[in-house]
Amino acid sequence: SDVAAFVACLLPGVDDLTTTADFDRKTIATQCCDSNGGCFRRFDDDNSKCIAGYSIEASGSPYITPHTYAEALSICSSLELRLCEKSCKGKGCSYNLHPVYTSLPCPSPPPPPSPPPSPPPPSPPSPPSLPPSPSPPPPSPPASIPSSGVQVRRGNALDSESDVAAFV
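So, a few notes on the structure that sits alongside this text. Note that the structure is predicted; figures quoted are calculated from it, not measured. (Residues numbered from 1 in each chain as written. Predicted model: local features only at pLDDT ≥ 70, side-chain atom pairs only at ≥ 80, totals over all residues. Heavy atoms only, no water.)

## Overview of unusual backbone geometry
(1) Moving on: Ser61 connects to Pro62 through a cis peptide bond whose omega is 5°.
(2) Moving on: Relative to the helices and strands, Pro62 is located in the loop between β5 (46–50) and α1 (69–78).
(3) Moving on: Even without a glycine there, the phi angle at Glu80 is positive, about 60°.
(4) Moving on: Among the secondary structure elements, Glu80 is positioned in the loop between α1 and β6 (82–83).
(5) Moving on: A relative accessible area of 76% means that Glu80 is categorised as exposed. (Helix = DSSP H or I, 4+ residues; strand = E, 2+ residues; numbered from the N terminus. Buried < 20%, exposed > 50% of the residue type's maximum accessible area, 1.4 Å probe, protein only.)

Given below as structure tokens:
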């Protein structure tokens, strides 16, 4: 039987700079969808107009332009599209050989049991101190991975394939 569509789960604060996942050509491809679920890996059915470049074996790794999740999100937004909820198998650019970004949340593994909270130790009274000087707010990072994480799927996955095996 076919292996699960699920390849990896990208987590905020951990995978913000990730551009590869463990499937075939490894570099995660950017593809976008419209509000009706129409897939775009390229424009005008032209492999010279692929969103992350055309993946050809002769070019060698990374085969296509690596993008982080935030960059992929930004590219799709700039095209008035969004990240897809499916793999878009067979839609061009040889991305079937790559993992692909999606907007799907990670499958939920059972949460680990949480230990009971321990009471805080008593603290001695502190002497009065000067208020800290206000610091400028940190620059806001680009749109990042949502707290639920996002799935990276096989570029050749059938859209009906389930992810039940992802955390077994």
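## A few points about the nonpolar core
(1) Moving on: Ranked by size, the top nonpolar core spans 15 residues in total, and within it Leu10, Tyr69, Leu83, Tyr101 and Val152 carry the most contacts.
(2) Moving on: For this core, the secondary structure elements donating two or more residues are β1 (6–10), α1 and β8 (150–154).
(3) Moving on: With three residues, the single largest contributor to this core is α1.
(4) Moving on: Residue contacts for Leu10: discarding those within four places in its chain leaves Asp15, Thr18, Tyr69, Tyr101, Cys106, Ile145, Gly149, Val150 and Val152.
(5) Moving on: Counting residues in hydrophobic clusters, the runner-up holds seven residues, among them Ala29, Ala52, Ile64 and Val100. (Core = buried A, V, L, I, M, F, W, Y, C linked by side-chain atoms within 4.5 Å. Contact = heavy atoms within 4.5 Å.)

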